[in-house]
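Report on the structure
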Amino acid sequence: MAHAQTKQPGRNDLRPTADEIALMREKARMVRLETIRLILLPKIGHFSSVFSCAEIFSSLYYGVMSLKKGDPKWPDRDRFTYGKGHAAIGHFPILTDLGFLPKEVLDGYCSLGNPLGDHPDMTKVPGIDFSSGSIGHALSNGLGMAMGGRMQGRDFTVFTMMGDGEQQEGQVWEAATAAVANKVNNLIAIVDQNGYQLDGAVKDIVDTGDLAAKWRAFGWETHEVDGHNLDELTTVLRHLKADKTRPGPACVIARTIKGKGIDLMENQTGWHLGYLTPEDSEIAAQEIMSKEI
Amino acid sequence: MTKLEKLSPGSWHYLMMAEVFPDLLRPSDALIDLTAEGEEIVLLSPDLVNSGGLSKFAEKHPDRVINTGLSEQNTVSMAAGLATTGMVPWVSGMASFLALLCNEQIRMDVAYCQQPVRIIGHHTGLSFGFYGSSHHATEDIGALRSIANMTIISPADGNQQYAAMMASRDYDGPLYYRTGRGRDPEVYAEGAPFVIGKAIEHMRGTDVTVIACGMPLHPSIQAATKLNAEGYSVGVIDMHTIKPLDVDAVLEAASHSKVILTVEEHNVLGGLGAAVAEVLAENGSPARLVRHGIKDEYSLIGPPTHLYQHYKLDEDGIESVIRDQLA
């Protein structure tokens, strides 16, 4: 019996519709607004680290990943790991929105004994696929998940988001080598290339150079996109997820702006971590509301 | 369009932290003074110059700072290499990652090779609070204590940290300092004497002697003061150096106290309590030992002060733990 030819979808077939883009844009706005609101609770938090990857979060969770609302443990779901665990404050509101995490838990962010802290804990937070806190581990965690899925015959994809500062960690490149050697094609890395790390610009601390060339040299199919352009970002992620012919893993270098959304914070080292008074938070929220990113 | 143009008083960001918490810069003061005294200091920091309170040193001696970025293991091994050239490398990073992630580099390149690398593990214990249990360092003493040649110091406040860092001048081997987050309540005045390996007795007691290190020292002194005013006899010893342990101080306290209570911001396994237990057991001491700290578990997430309250590491908590022994 002849098998039907499986047609690999072309890029244009996978482009999000205007309605889908509008939804993802709204959710990215929710990520930023919730980050501003939640930081008021512990009175300190990571603003600009979340703002650079808000579109990555919304694209993955509302435009790319296969998930079941209210069922964070669905065995066939796509997985998400991230090395920049300090962006969890922008991730938790999505988990609440998807019915994984009760709203009252979200509202207790960082209080004593609450499951939610600055970094995500998989043993406490439904919807967190792997804990994060020590930068540089996430790609190895994702690689293990992807290989586990393959061994069990499950058809899920693992997405791992890393910071560009994280590219300085040696363990990232151990995982990068192993993923290619093991021909793991259900692993997709996303580098949130916002150009900054805690102490300053990545190029001034330890310049990580031409990341796309490095990932390609390690054998990864590598794409570069505007990480705030939901059309472009979602299209490439959908394409990479759908492509079952790729011999190994893929990497998306998402060029982003640290602090995107609040002009005062954009490309400013200090806002990796900070605090806004309730009055300043209100103004910042209005700034987010008045913009279309 | 409404826009956040300027900050109102009270809003602040990471680079303004030292203005909000001036004690954060005490390590800078020590490195500046050590440099002035002729030490060939070089600071290696894995992207934590500001977090570790070293911006002031970096501004004064930019040519003596290597920001190694996010590569902790590489940082420690590099420091060991630098030390072989006669430099005095200081590595400053988060305690949880330096002591655990770089444990093998510390063992192999620093301690085994006997290189005089000075390591500051800051934000130790629970001081990272709601940043999460990943960032809590409740195993660093245990992880490093079994490594030969290591010296482990746990200063109680900014002034003692400064003094302990200055004491490195005449110290040959590797040093590990487990420090707080620059907001520890002050126990010591500036210039208070400090000798590596020599415990400091604050009070003498016959009912209970508290042996503490690091942040819990301050609340231990407060709790003991309160109980002594009620007529009890509670002593307090600052065991700032966990290795080499001041064995004489432990045995002396055990000779006149019914109970020895160790208090630490660390797992009760492997830390100060364990070190004291070894001494008491080996010497057949009749004093009963109670170890207070984190009971072999992953600490909760929450604001540091709430965690100290929860784990009875604040004044009220330590007082209640002492009272249990007085009953």
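Residues numbered from 1 in each chain as written. Chains lettered and ligands numbered in written order. Predicted model: local features only at pLDDT ≥ 70, side-chain atom pairs only at ≥ 80, totals over all residues. Heavy atoms only, no water.

- As recorded by an unreviewed UniProt entry, chain A carries the name Transketolase and is attributed to Paracoccus marinaquae.
- Looking at the Cofactor (unreviewed entry) heading of the UniProt record, one finds this comment for chain A: "thiamine diphosphate". (UniProt positions renumbered as here; feature names shortened; annotations may be inferred.)

**Quick notes on the overall build of chain B**
- Along its length, chain B carries 13 helices and 13 strands.
- In terms of overall dimensions, chain B is globule-like: its C-alpha atoms have a radius of gyration of 20 Å, near the 20 Å expected for 327 residues.
- Its C-alpha atoms give chain B principal-axis dimensions of about 60 × 60 × 35 Å.
- Across the 327 residues of chain B, 63% fall into the buried class.
- If you take every contact in chain B between residues at least 6 apart in sequence, the share linking residues at least 24 apart comes to 77%.
- If you sum the accessible surface of chain B, you get close to 12200 Å²; carbon and sulfur atoms cover 51% of it.
- Computed over 23 positive and 40 negative side-chain charges, the inter-centroid distance for chain B is 2 Å. (Helix = DSSP H or I, 4+ residues; strand = E, 2+ residues; numbered from the N terminus. Rg over C-alpha atoms; globule rule 2.2 N^0.38 Å. Buried < 20%, exposed > 50% of the residue type's maximum accessible area, 1.4 Å probe, protein only. Contact = heavy atoms within 4.5 Å. Areas by Shrake-Rupley, 256 points an atom, 1.4 Å probe, with all protein chains shown as cover. Lys, Arg positive; Asp, Glu negative; His and termini not counted. Charge placed at Lys NZ, Arg CZ, Asp CG, Glu CD.)

**Side note on the side chain of H266 of chain B**
Residues and elements named next belong to chain B.
- Structurally, H266 is set in strand 12 (residues 259–267).
- Owing to a relative accessible area of 0%, H266 belongs among the buried residues under this scheme.
- A distance of 3.4 Å separates a polar side-chain atom of H266 from the backbone oxygen of T138.
- Within the structure, H266 has its side chain in polar contact with the backbone nitrogen of I141 (distance 3.1 Å).
- Once residues lying within four places of it in the same chain are set aside, the contact partners of H266 are T138, E139, D140, I141, G142, R178, G271, G293 and I294. (Polar contact = N/O pair within 3.5 Å; in protein donor to acceptor, adjacent residues only side chain to side chain.)

**Quick notes on the UniProt feature "domain: Transketolase N-terminal" (unreviewed entry) in chain A**
- Within this numbering scheme, the UniProt entry marks residues 30–279 of chain A as carrying the feature "domain: Transketolase N-terminal" (unreviewed entry).
- In the segment residues 30–279 of chain A, helix accounts for 38% and strand for 14%; the C-alpha atoms at its two ends are 19 Å apart.

**Re the interface of chain B and chain A**
- Contact with chain B, which involves 41 residues of that partner, is made by 46 residues of chain A.
- Taken together, the two surfaces of chain B and chain A that pack against each other cover about 3600 Å², and 61% of this comes from carbon and sulfur.
- Area buried by chain B at its contact with chain A is led by L4, L70 and I301 of chain B, which between them contribute 21% of it.
- On the surface where chain B and chain A come into contact, there are one salt bridge.
- The residue K3 of chain B makes a salt bridge to D263 of chain A at a minimum N-O spacing of 2.7 Å.
- Where chain B meets chain A, there are 24 residue pairs in polar contact (both at pLDDT 80 or more).
- Of all the secondary structure elements, the ones that give two or more residues to the side of chain B that touches chain A are strand 1 (12–13), helix 5 (95–101) and helix 12 (304–310) of chain B.
- Residue composition of the side of chain B that touches chain A, grouped by class: 19 nonpolar, 17 polar and five charged.
- Summarising the sheet, strand 8 (residues 274–275) of chain A and strand 1 of chain B pair through two bridges and their orientation is antiparallel. Within strand 1 of chain B, the position partnered with G274 of chain A by the bridge is H13 of chain B. (Buried area = accessible area lost by both parts, 1.4 Å probe. Salt bridge = Lys/Arg side-chain N within 4 Å of Asp/Glu carboxyl O. Nonpolar A, V, L, I, M, F, W, Y, C, P; charged D, E, K, R; others polar. Pairing = 2+ DSSP bridges.)

**Notes on the sheet that holds strand 6 (residues 151–153) of chain B**
Residues and elements named next belong to chain B.
- One open sheet holds the seven strands; their spatial order is 3-2-4-5-7-6-11, and the pairing between them is mixed. At either end of the open sheet lies a strand with only one pairing partner, and these are strand 3 (65–67) and strand 11 (241–243). Going across the sheet, the axis of each strand differs from the next one's by a mean of 20°, ignoring polarity.
- As judged from the three bridges shared by strand 6 and strand 7 (residues 175–178), these two strands associate in the parallel manner. (Axes fitted to C-alpha atoms, helices over the stretch in contact; angles between N-to-C directions.)

**Regarding the sheet that holds strand 2 (residues 158–163) of chain A**
Residues and elements named next belong to chain A.
- The five strands lie next to each other as 1-2-3-7-6, forming an open sheet whose pairing is parallel. Edge positions in the sheet fall to strand 1 (79–82) and strand 6 (221–226), since each has one partner strand and no second. Across the sheet, the axes of successive neighbouring strands diverge by a mean angle of 20°, strand direction being ignored.
- Relative to strand 7 (residues 250–255), strand 3 (residues 187–193) runs parallel, the two sharing six bridges. Looking across to strand 7, one finds that D192 is bridged to A254.
- Each of strand 1, strand 2, strand 3 and strand 7 is contacted by helix 3 (residues 47–64), which is oriented at about 150° to strand 3, the strand it contacts most.
- Helix 6 (residues 138–151) rests against strand 1, strand 2 and strand 3 of the sheet, and its axis sits at about 175° to strand 2.

**Details of the packing of aromatic side chains**
All names here are of chain A.
- In this structure the tally under the stated criterion is 14 aromatic pairs over all chains.
- Geometrically, the ring pair formed by F47 and F51 is edge-to-face, given 6.3 Å between the ring centres and 65° between the ring planes. With a gap of four residues between them, F47 and F51 both fall in helix 3, about one helical turn apart. For the pair formed by F47 and F51, the shared burial category is buried. (Phe/Tyr/Trp six-rings, centres within 6.5 Å; stacked < 30°, edge-to-face > 60°.)

**Things to note about the confidence of the model for chain A**
- Averaged over every residue, the pLDDT of chain A is 94; residues scoring 70 or more account for 96%.
- Long-range and interchain partners of residues 1–7 of chain A, a stretch whose pLDDT sits below 50, account for one contact in this model, where long-range means more than four residues apart. (pLDDT = per-residue confidence, 0-100.)

**Quick notes on helix 7 (residues 170–181) of chain A**
Residue and element names in this part refer to chain A.
- Its twelve residues give helix 7 an end-to-end C-alpha distance of 17 Å, which sits within 8% of 16 Å, the value for a rise of 1.5 Å per residue.
- Considering only its buried residues, helix 7 is in contact with helix 6, strand 2, strand 3 and helix 9 (211–217).
- Phi turns positive one or two residues past the end of helix 7, at K183, with a value near 50°. (Expected span 1.5 Å × (residues − 1).)

**Observations concerning helix 3 of chain A**
Residues and elements named next belong to chain A.
- If you check helix 3, its first and last C-alpha atoms are 24 Å apart, about what 18 residues at 1.5 Å a residue would give, namely 26 Å.
- At C53, helix 3 shows its strongest bend, of approximately 50°.
- Extensive coverage of helix 3 is indicated by the burial of 18 of its 18 residues. (Bend = angle between axes of the 7 residues up to and from the residue.)

**Describing the pattern of salt bridges**
- Considering all chains together, one arrives at 32 salt bridges over all chains under this definition.
- One salt bridge in this structure joins K291 of chain A and E287 of chain A, with 3.0 Å as the shortest N-O distance.
- Of the residues examined, K291 of chain A reaches a relative accessible area of 16% and is grouped as buried.
- Where R26 of chain B meets D29 of chain B, a salt bridge forms, and the shortest distance between an N and an O atom there is 3.0 Å. Here the residue R26 of chain B and the residue D29 of chain B both occupy positions in helix 2 (residues 26–36), the gap between them amounting to three residues, near one helical turn. Take R26 of chain B and D29 of chain B: they sit in the same class, and that class is buried.
- Several salt bridges share partner residues, and in doing so they unite E34, R37, K103 and D107 of chain A into one network.

**With respect to the packing of helix 2 (residues 18–39) of chain A against helix 11 (residues 278–289) of chain A**
Residues and elements named next belong to chain A.
- For the pair helix 2 and helix 11, interaxial distance at closest approach is 10 Å and the crossing angle is 175°. Taken together, helix 2 and helix 11 sit at an angle that is classed as roughly antiparallel. Of the residues in helix 11, those touching helix 2 at R29, R32, L33 and I36 are S281, A284, A285, I288 and M289.
- Per-class residue counts for the contact of helix 2 with helix 11 are six nonpolar, one polar and two charged. (Parallel < 35°, antiparallel > 145°, perpendicular 65-115°, else oblique.)

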